[in-house]
Amino acid sequence: MLELTVRQVRMGQVAADKASALRLVAQALHEDGWVSPGYLDGLQAREAQGSTFLGQGIAIPHGTPQTRDQVLSTGVCLLQFPEGVEWGPDQQVYLAIGIAAESDEHLHLLQILTRALGETDLAEALRQADSAEALVQVLHASPEALRLDPGLIGLGEAAEDFDELVWRGARLLRRGGCVDNGFAAVLQQVEALPLGEGLWWLHSEQQVRQPGLAFVTPARPLRHLGQPLLGLFCLASRGEAHRALLERLCEVLIAGHGQALGLAQDRQQVMQALGGEALPDWPTAQVRLANAHGLHARPAQQLAQLAKGFDGEIRVRLEDGPAVSAKSLSKLLSLGARAGQMLEFLAEPGIAAEALPALVAAVAQGLGEAVEALAALPGVLAVAACAASLSAPQVGQVLPAIVAAPGFAMGPVYAPRPPIFDFPLRGASDLEERQALQRALDQVRGDLQGLIARSEAEAIRAIFATHLEMLEDPALLEEAHRGIAQGQSAAAAWGEVVEAAALHQASLGDALLAERAADLRDLGRRVLAELCGLGQTAEPEQPYILVMDEVGPSDVARLDPRRVAGILTARGGATAHSAIVARALGIPALVGAGPLVLQLNTGDSVLLDGQRGRWVFQPDAQTLAQAERARERRASLLQSAMAQRFEPARTLDGHRLEVCANLGDSADAVRAVELGAEGVGLLRTEFLFMAHAQAPDLAIQEAHYRQVFDGLQGRPLVVRTLDVGGDKPLPYWPIPVEANPYLGLRGIRLCLQRPELLETQLRALLRAADNRPLRIMFPMVGGLDEWRQARDMVLRLRAEIPLQDLQLGIMVEVPSAALLAHQLAREVDFFSIGTNDLTQYCLAIDRDHPILSAQADGLHPAVLQLIDMTVRAAHAQGKWVGVCGELAADPLAVPLLVGLGVDELSLAIPGIAEVKARIRTLNLAACQGLARRALGLENAAAVRTLVEEQG
Ligand code: PEP
Ligand code: MG
């Protein structure tokens, strides 16, 4: 990293004017080996574009992007001009800092300088400095402020012990740019100081770049050295920067509010308690910085100029970082913002409507520099397009999102937000607290009974019935009364008792009981909400649009499709597991819509267009009527598709494809057939394993597989052997924590480590088949060795349990399998392409990544190339190929998959009839032409446009 040191300083320079000064700077940079002589042209060209005067007697001459090839290595030199040089009108320079930068390494240097710029008489001090040491000291002398901002606060961190919590705190400091990598190790060596009330303190000056304080709390209460551990402060300390904070913290502890910090649910709450700067509640807008070399002086200057044009306060911050004035060049530089980082602007309400879009547009356009539009990436386009708008969407605004499950949905928003509980720890009187608790329990009981009576779905009734049972548990009430008798408030006693009970459940090592722990906490929160006077946000009575940051698969699975008209999320992508569940439930879902959706409030009305990937905020009557018509058109198309669901799917020119169902639940086989499936193309057996507290034995598995065969009435069943590990752990099969679970022990890799488990599954399958058509495929096969090991196991078992109609194949979801398809095709009976994982591994984008997964588009030409390769290799050996990833259900992908020669499509049951109908509208020869063209395109967006226009 660039630092300012005495070796870089040249004292007592004299220059008659700026041109001579620039010559001296260029010469110095050349002599020190940083640049070629031609760099002077760059310095001059840069000054011609705008002065590099920074303020306080300092200029930072540097080159332009065109002269970057003259930079030999990144470095700086400092030239003192005691007599001053006129850099521009009213711009007297005493110190010129010549910068040769290959990329954005000099941003840190600018951060140091901008701290110094806060000093009032810096120019004079620089002029008078009589040694290199003195000069460097002047630049470093300004006191550094302690960083304390929401980005350094981590509440409810997953930590099992003190060391893990230390690591989490150190990680926040490292991410915030306060410390280097080794800081966690440094802290582990330091003796922790108990502050009382469950709070602990650690600090060190080693590996510190900038003083900062992190505060972390564990998800569940821990103990350290025999004392409670509710929260930990990790201080990256330098000088006296933390003095004021420490004094403030002492006050908090003396006032007895320490425990509230440990129990805080909200980062702003912690900030306020510690005297950190809370963010004003102003409208915001976000935009990603696209400038290749970050927010360096020139773009920062432009930004400050633009901000100054508005008559009101504007602040800007990096994600979760402190907000600084957008009108101050030095403050902007002090952000040290790099390419790709998200800037968030906050503007006073009076100017926000005008200022925010202008600032966002200016940043998106590069602030005077040519930028590679980040928005060229389709996923980012969706997010950026939303982020570029005001924090609250405008009435009637149409916004983009990624389609996770098709269909139209309209209705009121339901945006559940985690409540913030604020309660006294000590109670009033024993009697009053007991009564308060009883009132809250009665209220919740009544609510639950009402919910049970209203819910039509059995699964949902069952969840609330369990909650009711838990609420009646006398042990909970007894424990809470004991706490109250010891002086606790009703809320504090109840919260503690519930958490302890949940911890106990979770520690029993049983998956089902662990789930109950989540239910217990859920119930505990309901009661706490009553005690804190927060009540429950009522779910709208009519079907609603669920709006959340992100929904997990289990959240979606619990939804009642009759109640939830649609789902809209800020994050996520089309192949995320939650999207798969939404599609299986047939709930229209849009994901990856960006942070703007988090501004929606319960009761707002929205329209989801899951055909075109758009949503509309507060749609007017005309838009709603149009959507209604589109929905009716789609409904009538679906109706005719349903009428023909048992017909084979044949293109107009007679080419036949099989359309099968993806199943997670054995009981769904009958429904699949009823809705037109010609077989099961993917039975995800992991759900059977997940539904049991221990690995299901041979008899249980056989019964389940039999149920599927029976439901299929002779149609073929393609079963995927157990695909767990990585992102899909089994509670009873512990796997050591992995840094990259998607690249770790997953699928067949894991099963081959426990062959007895795989063998039981294979036996159960062969026995259940009873000479019905069984196809077995292995997940995550990367090459021939894994395939052969798995195949040999089946062949050995088949000698024992004979079966006529058996085919063995692999899922093609690791790029190496597609690349080795020629070799594999000689040995397998079939391939089934898992485009979800194939896309993830081909594009190196985590399919569940909160931001990037929106870009994991299986229509990327690189993924299409792998599909093409696989199909060609298979057909050359007379083998068949299916696609069982989510791409098979994507209306735009279907013509391409037909054109690439795929023989079978397997998808979630609700889409089967529609995909069959779509195939009947296609012409094979045209699809082949379309596929050839798609293979030659540059990105997924271009492929989508091609199909939209010509498919
Ligand atoms: C796939 O990866 O495309 C696939 C079908 O498997 P899963 O989504 O279950 O990982
Ligand atoms: Mg997969």
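Read on for a plain summary of the structure.

What follows is about the packing of aromatic side chains. By the definition in use, this model includes 6 aromatic pairs. The interplanar angle of 5 degrees and the centroid separation of 4.7 Å between the aromatic rings of Phe830 and Trp880 together place this pair among those described as stacked. Of the two residues, Phe830 sits in strand β31 (residues 830-833) while Trp880 sits in strand β32 (residues 880-883), which places them 50 residues apart along the sequence. Pairwise contacts between aromatic rings join Trp201, Phe215 and Phe233 into one cluster.

Further remarks concern the site of ligand 1. Taken together, 14 residues form the shell around ligand 1, and within it Arg684, Arg720, Gly834, Asn836 and Arg847 come nearest. Between ligand 1 and the protein, one listed contact pairs an oxygen atom with a backbone N or O atom of Thr835 at 3.1 Å. Contact between ligand 1 and Asp837: an oxygen atom at 2.9 Å from a main-chain N or O atom of the residue. When ligand 1 is considered free in solution it has 290 Å² of accessible area, and contact with the protein chains removes 100% of it. Mapped by element, the contributors of at least two residues to the shell around ligand 1 are β27 (680-684) and α31 (835-843).

Only Glu813 (OE) and Asp837 (OD) from the protein reach the magnesium ion (ligand 2) as donors, at distances of 2.0 to 2.2 Å. Of this pair, Glu813 sits in the loop between β30 (806-812) and α29 (815-819) while Asp837 sits in helix α31; the two residues are 24 residues apart in sequence, bridging distant segments of the chain. Judged by relative accessible area, which is 3%, Asp837 ranks as buried.

Right, let's talk about the packing of α31 against helix α32 (residues 861-876) for a bit. The geometry of a pair of packed helices is captured by two quantities: the angle between their axes and the separation between those axes. Across the interface, α31 lies against α32 with an axial gap of 9 Å and an inter-helix angle of 120 degrees. Between α31 and α32, the angle is such that the two are oblique. Of the two possible hands of crossing, α31 and α32 adopt the one that is right-handed. On α32, the residues touching Thr835, Leu838, Thr839, Cys842 and Leu843 of α31 are Ala862, Val863, Leu866 and Ile867. Of the residues assigned to the contact of α31 with α32, the class counts are 7 nonpolar, 2 polar and no charged.

Counted by the stated rule, this structure contains 1 cavity of 30 Å³ or more. Taken as a whole, the largest cavity holds about 40 Å³ of empty space. Around the largest cavity sit Gly664, Ser666, Leu683, Arg684, Thr685, Leu688 and Tyr705, which together line it. The residue inventory of the lining of the largest cavity, partitioned by class, reads 3 nonpolar, 3 polar and 1 charged.

Side-chain pairing between opposite charges can occur once the charged atoms of the two side chains come close. If you walk through the whole model with that rule in mind, you get 41 salt bridges. Glu160 is paired through a salt bridge with Arg220; the nearest N and O atoms lie 2.9 Å apart. With Glu160 in the loop between β6 (153-157) and α6 (162-175) and Arg220 in the loop between β9 (212-218) and β10 (222-224), this residue pair connects regions lying 60 residues apart in the sequence. Look at Glu160 and you get exposed, because its relative accessible area is 51%. Salt-bridge contacts for Asp890 lead to Arg944; the nearest nitrogen and oxygen are separated by 2.8 Å. Taken as a pair, Asp890 in the loop between β32 and α33 (893-900) and Arg944 in helix α36 (residues 940-950) lie far apart in primary sequence, 54 residues in all. Within this structure, Glu686, Arg720, Asp723, Arg746, Asp837 and Arg847 form a network of salt bridges that share partners.

An order of β6-β9-β12-β8-β7 is seen for the 5 strands of this open sheet, with the pairing classed as mixed. Each having just a single partner strand, β6 and β7 (193-196) make up the two edges of the open sheet. The mean angle between the axes of side-by-side strands here comes to 20 degrees, regardless of whether they run parallel or antiparallel. As defined by bridge partners, strand β8 (residues 199-204) adjoins strand β12 (residues 231-236) across 6 bridges and the pair is classed as parallel. Paired with Leu202 across the bridge in β12 is Cys234. Against the sheet, helix α8 (residues 243-254) makes contact with β7, β8, β9 and β12, and its axis sits at roughly 165 degrees relative to β8, the strand it touches most. Each of β6, β9 and β12 touches helix α10 (residues 267-274); the most contacted strand, β6, lies at about 130 degrees to it.

As a further point, take the packing of helix α1 (residues 18-31) against helix α2 (residues 39-49). One can describe the packing of α1 onto α2 by two numbers: an axis separation of 9 Å at closest approach and a directional angle of 140 degrees. Between α1 and α2, the interaxial angle falls into the category oblique. Crossing hand, α1 versus α2: right-handed. From α1, Lys18, Leu22, Arg23, Val25, Ala26 and Leu29 reach across to α2, where they touch Tyr39, Leu40, Leu43, Gln44 and Glu47. Split into classes, the residues belonging to the contact of α1 with α2 amount to 7 nonpolar, 1 polar and 3 charged.

Turning our eyes to something else, we now look at the nonpolar core. Among the nonpolar cores identified, the biggest contains 99 residues, and Leu774, Phe831, Ile867 and Leu905 are the most heavily contacted of them. Counting residues per element, this core draws most heavily on helix α27 (residues 755-769), which supplies 8 residues. Among residues more than four places away in sequence, those in contact with Phe831 are Ile810, Val812, Ala821, Leu824, Ala825, Thr870, Ala874, Trp880, Val881 and Gly882. Among the nonpolar cores identified, the runner-up in size contains 56 residues, and Leu113, Leu318, Leu332 and Leu359 belong to it.

Positionally, Asp442 belongs in helix α15 (residues 430-454). For Asp442 and Val527, which are 85 residues apart along the polypeptide, the C-alpha to C-alpha distance reads 9.3 Å.

Right, let's get into the environment of Gly75. Relative to the assigned elements, Gly75 resides in strand β4 (residues 75-88). For the pair formed by Gly75 and Gly33, sequence separation is 42 residues and the distance between their alpha carbons is 8.6 Å.

With that settled, the discussion passes to unusual backbone geometry. Within the chain, Glu197 stands out as a residue other than glycine whose phi angle is a positive 55 degrees. Tracing the sequence through the fold places Glu197 in the loop between β7 and β8.

An α-helical turn contains 3.6 residues, so a residue and the one three or four places further along point in the same direction. End to end, α6 covers 20 Å across 14 residues, agreeing with the expected 20 Å (1.5 Å per residue, within 8%). Among all positions in α6, only Phe162, Leu165, Val166, Arg168, Gly169, Ala170, Arg171, Leu172 and Leu173 are buried. N-capping of α6 is provided by Asp161, with a side-chain oxygen placed 3.3 Å from the backbone N of Asp163. Positioned one or two residues after α6, Gly177 has a phi angle of 80 degrees, which is positive.

Right, let's get into helix α22 (residues 621-643). For α22, built from 23 residues, the straight-helix expectation of 33 Å at 1.5 Å per residue is met to within 8% by its first-to-last C-alpha distance of 32 Å. Of all the positions in α22, only Ala627, Ala630, Arg634 and Ala641 are classed as buried. Against β19 (408-414), β23 (605-609) and α34 (912-920) lie the buried residues of α22.

Cut-offs and rules
Residues numbered from 1 in each chain as written. Chains lettered and ligands numbered in written order. Predicted model: local features only at pLDDT ≥ 70, side-chain atom pairs only at ≥ 80, totals over all residues. Heavy atoms only, no water. Phe/Tyr/Trp six-rings, centres within 6.5 Å; stacked < 30°, edge-to-face > 60°. Helix = DSSP H or I, 4+ residues; strand = E, 2+ residues; numbered from the N terminus. Near = heavy atom within 4 Å. Polar contact = N/O pair within 3.5 Å; in protein donor to acceptor, adjacent residues only side chain to side chain. Areas by Shrake-Rupley, 256 points an atom, 1.4 Å probe, with all protein chains shown as cover. Donors = N, O, S within 2.8 Å, 3.2 Å for Na, K, Ca; no water. Buried < 20%, exposed > 50% of the residue type's maximum accessible area, 1.4 Å probe, protein only. Axes fitted to C-alpha atoms, helices over the stretch in contact; angles between N-to-C directions. Parallel < 35°, antiparallel > 145°, perpendicular 65-115°, else oblique. Left-handed = near helix turned anticlockwise from the far one by under 90°. Contact = heavy atoms within 4.5 Å. Nonpolar A, V, L, I, M, F, W, Y, C, P; charged D, E, K, R; others polar. 1 Å grid on protein atoms, 1.4 Å probe; cavity = no way out; pocket = protein on both sides within 12 Å on 5 of 7 lines; lining within 4 Å. Points joined across faces, edges and corners; volume = space filled by probe spheres on them. Salt bridge = Lys/Arg side-chain N within 4 Å of Asp/Glu carboxyl O. Pairing = 2+ DSSP bridges. Core = buried A, V, L, I, M, F, W, Y, C linked by side-chain atoms within 4.5 Å. Expected span 1.5 Å × (residues − 1).

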